[in-house]
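Remarks on the overall topology
Listed here are the chains, written in short residue letters.
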Amino acid sequence: MCGIAGVVSWRRPIADPERIVRHLADALAHRGPDGEGVWQSRSADVLLVHRRLAIIDPGPDGAQPMSTPDGRYCAVFNGEVYNYRELRRDLESRGEHFSTASDTEVLLRVIVRDGPRALARVRGMFAVACWDALDRSLVVARDRFGIKPLYLALAAHRITFASELAALRAAGLVDGRTSPAGVLGFLTWGSVIPPLTWQRGVETLAPGTWWRWRDGVSERGVFADARDAYRSERGPSQSDGDYRAKVGDAVRESVRAHLVADVPVGVFLSGGIDSGALVSAATSAGALRGLVGHTGWAGAGCTGAGCGA
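Below: a short report on this structure. Worth saying up front: this structure is predicted, and the values here are computed from it rather than measured. (Residues numbered from 1 in each chain as written. Predicted model: local features only at pLDDT ≥ 70, side-chain atom pairs only at ≥ 80, totals over all residues. Heavy atoms only, no water.)

Closest axis-to-axis distance for the helix 2 (residues 84-93)/helix 3 (residues 103-114) pair is 10 Å, and the angle between their directions is 45°. The angle between helix 2 and helix 3 falls in the class oblique. Of the two elements, helix 2 crosses helix 3, and the hand of that crossing is left-handed. In contact with Tyr84, Leu87, Arg88 and Leu91 of helix 2, helix 3 contributes Asp103, Val106, Arg109, Val110, Arg113 and Asp114. (Axes fitted to C-alpha atoms, helices over the stretch in contact; angles between N-to-C directions. Helix = DSSP H or I, 4+ residues; strand = E, 2+ residues; numbered from the N terminus. Parallel < 35°, antiparallel > 145°, perpendicular 65-115°, else oblique. Left-handed = near helix turned anticlockwise from the far one by under 90°. Contact = heavy atoms within 4.5 Å.)

As structure tokens, this is what we get:
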């Protein structure tokens, strides 16, 4: 996992940006030990912060925040795009040129060229924020299953966001008051139901959605809805064996896609049915060379329940 954070102020420069950057980066350091990057606008009204866990294109070319060659767009991204090679080939066939081998640049170009609705073509887990310096707009988006977290604090003419609520608190970007609705949700359902959080004035971005702001005016949309899979029409009657075969194929294909990396990949093995199935699928794909102990081992990338935050 990586960590992203940012502040956009449309009416006035950000007060004490160096302090905010330091607190945000330090609070997210555990999410990305491989690098730290900061981008600040010339007028000091936009800050983008990134802590990196390097998985794809781990060298300096894949560092973030990442800008387009003309400097108009700048993005920070937490996650991984599994089909970035296919997306890149499509973009190149339409005249796009790339200077890195990273999935970050591909995701940035998808948003720039085709808009946030095109994220429906992206297969992966991600939370991304993209600043347009010419249009003076910010776009944020979150993957269709909400695997990657993104917290938003909205105020008049200012947006702040981060991968963790604790980072916003550490930087003094929220006041720390408890949300009564969030607490009530926890007491009722045993968890804080999105978009609520336990912090007043902070919400989570819904899975499969994007949100754009221009000078305090916003628009939002849905690029993917995971519930669509349950709304599709039923096919002809199938046996239990047919369903088991389909599930097995789906698991193997999903694991194969998750193994895209330029560094060693590991699996957390707890001994349960789910992690055992993932290890079996990864082994059949030739990705694992061995296991260490009952709890397994983890490389810089992983697959399995709980590893996507």
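On to the sheet that holds strand 2 (residues 35-40), then. Taking strand neighbours across the sheet as the criterion, the 6 strands line up as 2-3-1-9-8-10 in an open arrangement whose pairing is antiparallel. Each edge of the sheet is formed by a strand with only one pairing partner; in this case those strands are strand 2 and strand 10 (202-204). The sheet shows a mean angle of 15° between the axes of neighbouring strands, direction not considered. The pairing of strand 2 with strand 3 (residues 46-52) spans 6 bridges and is antiparallel. When the sheet's bridge partners are listed, Gly35 is paired in strand 3 with Arg52. Packing against the sheet, helix 1 (residues 17-27) makes contact with strand 1 (3-9), strand 2 and strand 3, and its axis sits at approximately 25° to strand 3. (Pairing = 2+ DSSP bridges.)

One pass over the structure, following the stated rule, counts 3 aromatic pairs. Taking 6.4 Å as the distance between ring centres and 55° as the angle between the ring planes, the aromatic pair formed by Trp10 and Trp131 counts as tilted. Of this pair, Trp10 sits in the loop between strand 1 and helix 1 while Trp131 sits in strand 6 (residues 124-132), placing them 121 residues apart in sequence. The same class applies to Trp10 and to Trp131, which are both buried. Residues Phe126 and Phe223 carry aromatic rings whose centres are separated by 6.2 Å and whose planes lie at 20° to one another, so their mutual orientation is stacked. Residue Phe126 is found in strand 6, and its partner Phe223 is found in the loop between strand 12 (217-222) and helix 6 (228-231); the two are separated by 97 residues along the sequence. (Phe/Tyr/Trp six-rings, centres within 6.5 Å; stacked < 30°, edge-to-face > 60°. Buried < 20%, exposed > 50% of the residue type's maximum accessible area, 1.4 Å probe, protein only.)

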